Each structure stands twice: as structure tokens, then as C-alpha cells.
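Listed below, chain by chain, are the residues.
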Amino acid sequence: MTTPTGGSSPDDYWRRPPDGGDGLPDRSASPPATPGTPPGGYAGPPPNVPPPTGWRPPVHVQPGPPRHLPPQDMAALDAAEQRAGRLTYSIGAVAGVVLVIVVCLLCSRILF
């Protein structure tokens, strides 16, 4: 946006031109439309040409057969899961006891 300069008022920028026109640019100088072109000047996207047959490169590398997973020891997996659960509950119990002690100490400071 430009600011008016000189002795004019700030509203002069927003006034209509003195000839009474609407202030829009003259669009009559646009080039004539070609036959088959809509009046907006856009003829649409170019025509779609399908690719030739066999346009993809040949595939030479074939993957190997899938490998077999080792057998799982379900009893050992269950035992490890139980040990992990006991460890988690133990750590949670210790943290809970520490928090209860801290809350009791804070409450005793407030009361006494």
C-alpha cells in the first residue's frame, strides 16, 4: 500500500477517479481467444496419452524364501513375565511408601 504525499488528505487515495469511471483496468486489450478456448483463456489440461506397453523396467532380482523363526519356550516366557510383573509392583510399592512418609512429614510440619 502506498501512502499519499503532498498536500492531499489521507482520504484522497480511496476516492473515485475524477472522470467518474469505476477505476477498474481496461480489459479490452487482451488477446483474442483461439477457437475452442473458453472465454476465460484457459483451455484445460493437456490431453492424457497412455504410456507405451512394457514401459516398466524388467525385474531380475527375486527375493529368497522366508526364513523360519526359532521355536519359543512358552514356559520361560511366562516365568520372565511374572518376574517383571513382581519387580514392577515392588518398585511401585516402595514409591508409594516413600510418598506416604513425605506427606506425613509435610502434614506434621503444618500441624505442629
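What you see is a predicted model; the values in this text were computed from it and never measured.

Calculation rules
Residues numbered from 1 in each chain as written. Predicted model: local features only at pLDDT ≥ 70, side-chain atom pairs only at ≥ 80, totals over all residues. Heavy atoms only, no water. Helix = DSSP H or I, 4+ residues; strand = E, 2+ residues; numbered from the N terminus. Buried < 20%, exposed > 50% of the residue type's maximum accessible area, 1.4 Å probe, protein only. Areas by Shrake-Rupley, 256 points an atom, 1.4 Å probe, with all protein chains shown as cover. Disulfide = S-S within 2.5 Å.

K.L.:
An account of the overall build of the protein is requested, with residue identities and associated values reported.
P.N.:
A count of helical and extended segments in the protein gives one helix and zero strands. Per-residue burial for the protein yields a buried fraction of 0% across its 112 residues. Split by element, the accessible area of the protein, about 11,400 Å² in all, is 66% carbon and sulfur.

K.L.:
Provide a residue-level description of the state of the cysteines, including the pertinent values.
P.N.:
The tally for this structure, following the rule as stated, stands at zero disulfides. Left unpaired, Cys104 is separated from the closest cysteine sulfur, that of Cys107, by 6.7 Å.

The values are spatial; any link to function lies outside them.
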